[in-house]
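Take a look at the letters that make up each chain.
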Amino acid sequence: MQKMYSRPSPSGQVNKNMVPKDQTVTFLLNYSKALRVFDYQNITFETLLN
Amino acid sequence: MKKSKSTDAVLVTAYLQGDESALSTLITRHKQRIYSFIYSKVFDRDVAEDVFQDTFIKVINSLKRGKYNEEGKFLPWVMRISHNLVIDHFRKNNRMPKFENNTDFNIFSVLSDNSLNAENSMIKGQVASDVRRLVEELPDDQKQVLLMRIYKDMSFKEISQQTGVSINTALGRMRYALINLRKVIDKHNIVLTD
């Protein structure tokens, strides 16, 4: 039998239907809701209210 | 339903006006593509998750600070951010994706580079020039035999023919040349190793 010294690149194995976990998406949405950015006299303030 | 048909540009505008659900729609619409792209680079679910999260944190920050100007290129913009974060990830870990060796075959046994590195080739050059200078110090008859044997790679038979002495004389001169070289090296504590 012929011996194979190579194997398919991992890129061929990537499942195109992969999605992030729901908790990651939820975290991002909560982060977005908590973040407030406002300007006051040429200064930008950021607040993160949890 | 109507929102899911809106273009990215419309959703971004809605989000900037305070509609948080627009962001949810944007993430839901593109999460598969972005996550798959990240995973195809890092091959680790946890790292992909982290990079995905950092990507959207950057997206949210940029949008809320008004640093994003809509040119109908929301997805390419997000992909570029995730691409940069993937690069940052590898830079931070100081490595690129590893080739995993099978136990019975090591790719580097085929790919190895046998040439000397810069330091070793400099040392080798210096040692060679030092030896050359020491050879110049030898008596002429010994030097002649040594140069013919070592540098010109001639046999002792050829050397004896060319110099007009017997083979034994040539052998003797070679022997004394080496002895004298060793003496000089020992006397001056010269180090000729790399």
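Structure shown above.
Small disclaimer: the values here were computed from a predicted structure and weren't measured.

Student: Go over the interface of chain A and chain B, please, and point to the residues and values.
Tutor: The interface of chain A with chain B comprises 26 residues on the first partner and 26 residues on the second. Roughly 2500 Å² of surface becomes buried between chain A and chain B when both sides are summed, with 64% attributable to carbon and sulfur atoms. Ranking the residues of chain A by area buried against chain B places Met18(A), Pro20(A) and Leu28(A) at the top, with a combined share of 23%. Taken together, chain A and chain B are joined by one salt bridge. Here Glu46(A) and Arg65(B) are joined by a salt bridge, their closest N and O atoms 2.4 Å apart. Scanning the region where chain A abuts chain B turns up nine residue pairs in polar contact (both at pLDDT 80 or more). Within the residue set of the side of chain A that touches chain B, elements represented by two or more residues are helix H1 (22-34) and strand S1 (35-40) of chain A.

Student: Now, about the packing of helix H2 (residues 8-16) of chain B against helix H3 (residues 20-42) of chain B: what can you tell me, with residues and values included?
Tutor: All names here are of chain B. H3 packs onto H2 with a crossing angle of 145° between their chain directions and a minimal axis gap of 7 Å. Seen along the crossing, H2 lies across H3 with a hand that is left-handed. Each of Asp8, Leu11, Val12, Ala14 and Tyr15 in H2 lies in contact with H3, whose residues at this interface are Glu20, Ala22, Leu23, Thr25, Leu26, Arg29 and His30. Split into classes, the residues belonging to the contact of H2 with H3 amount to seven nonpolar, two polar and three charged.

Student: Go over the pairing of strand S2 (residues 43-48) of chain A with me, naming the residues and quoting the values.
Tutor: Residue and element names in this part refer to chain A. Bridging between S1 and S2 involves six bridges; their strand directions are antiparallel. What sits directly across from Arg36, in S2, is Thr47. In this antiparallel pair of consecutive strands, S1 and S2, the connection spans two residues, and Gln41 shows a positive phi of 50°.

Student: Go over the nonpolar core with me, naming the residues and quoting the values.
Tutor: Ranked by size, the top nonpolar core spans 38 residues in total, and within it Ile27(B), Ile34(B), Ile38(B), Phe52(B) and Phe56(B) carry the most contacts. At ten residues, H3(B) tops the list of elements feeding residues into this core. Apart from residues lying up to four places away in sequence, Phe56(B) is in contact with Leu28(A), Ile27(B), Ile34(B) and Val78(B). Leu134(B), Leu138(B), Leu147(B) and Ile159(B) belong to the second-largest nonpolar core, a separate cluster that totals 14 residues.

Thresholds applied
Residues numbered from 1 in each chain as written. Chains lettered and ligands numbered in written order. Predicted model: local features only at pLDDT ≥ 70, side-chain atom pairs only at ≥ 80, totals over all residues. Heavy atoms only, no water. Contact = heavy atoms within 4.5 Å. Buried area = accessible area lost by both parts, 1.4 Å probe. Salt bridge = Lys/Arg side-chain N within 4 Å of Asp/Glu carboxyl O. Polar contact = N/O pair within 3.5 Å; in protein donor to acceptor, adjacent residues only side chain to side chain. Helix = DSSP H or I, 4+ residues; strand = E, 2+ residues; numbered from the N terminus. Axes fitted to C-alpha atoms, helices over the stretch in contact; angles between N-to-C directions. Left-handed = near helix turned anticlockwise from the far one by under 90°. Nonpolar A, V, L, I, M, F, W, Y, C, P; charged D, E, K, R; others polar. Pairing = 2+ DSSP bridges. Core = buried A, V, L, I, M, F, W, Y, C linked by side-chain atoms within 4.5 Å. Buried < 20%, exposed > 50% of the residue type's maximum accessible area, 1.4 Å probe, protein only.

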